[in-house]
Each structure stands twice: as structure tokens, then as C-alpha cells.
Amino acid sequence: MTFQFQSISDFFAMGGYGFYVWLSYTVTFIAMGGLIWLSRRKHKAILAQAKKELAREEKLKQPL
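Here the structure is a predicted model, which is why all the values come from computation and not from measurement.

Provide a residue-level description of unusual backbone geometry, including the pertinent values.
Of note in the backbone geometry, Met 14 takes a positive phi value of approximately 50° without being a glycine. With respect to the secondary-structure elements, Met 14 resides in the loop between helix H1 (8-13) and helix H2 (18-61).

So this is what it looks like as C-alpha cells:
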């Protein structure tokens, strides 16, 4: 079995491109995390709005 890198520091250096490689991974994970967070927040807001509308409709259906 052969390995591309001789040591762990060579692995993190990525042949001189480590900064760009690890920066791109970091930016990608932050962006994906942000998208997940925003999607969940929006989903909760939509559900809350739907519950409010249903409660309002039920209240309007009740006879006076």
C-alpha cells in the first residue's frame, strides 16, 4: 500500500496548496451549515404561520 503523503504535515500542506484546499472545505461547510440553519428556521416560521391561520379560520367558523 502506498500513500501520497509522507507525513501528516505533508497531508495538511497538500503540496503547497493546503491553504486553498482547507479554506475551500471550510467555506463549503460553513455555507452548507448556514443553508441548513436558514432552512430549518424558515420551516418553523411557515409552520407557525399555518397554525395561526388555521386557528383564525376555526375561530371565524364558530357561530356567534
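With reference to specific residues and values, describe the UniProt feature "transmembrane region" (unreviewed entry) in the protein.
With numbering aligned to this structure, UniProt lists the feature "transmembrane region" (unreviewed entry) at residues 20-38. Segment residues 20-38 splits into 100% helix and 0% strand. End C-alpha atoms: 27 Å apart.

Tell me what's going on with the packing of aromatic side chains, and back it up with residues and numbers.
Applying the stated criterion to the full structure yields seven aromatic pairs. When the ring of Phe 11 is compared with that of Phe 12, the centres are 5.3 Å apart and the planes differ by 70°; the resulting orientation is edge-to-face. Aromatic pair Phe 19 and Tyr 20: ring centres 5.4 Å apart, planes at 80°, arrangement edge-to-face. Here the two residues Phe 19 and Tyr 20 agree in accessibility, since each one is exposed. A network of ring pairs unites the aromatic residues Phe 5, Phe 11, Phe 12, Trp 22, Tyr 25 and Phe 29 as a single cluster.

Reading the values: the criteria
- Residues numbered from 1 in each chain as written.
- Predicted model: local features only at pLDDT ≥ 70, side-chain atom pairs only at ≥ 80, totals over all residues.
- Heavy atoms only, no water.
- Helix = DSSP H or I, 4+ residues; strand = E, 2+ residues; numbered from the N terminus.
- UniProt positions renumbered as here; feature names shortened; annotations may be inferred.
- Phe/Tyr/Trp six-rings, centres within 6.5 Å; stacked < 30°, edge-to-face > 60°.
- Buried < 20%, exposed > 50% of the residue type's maximum accessible area, 1.4 Å probe, protein only.

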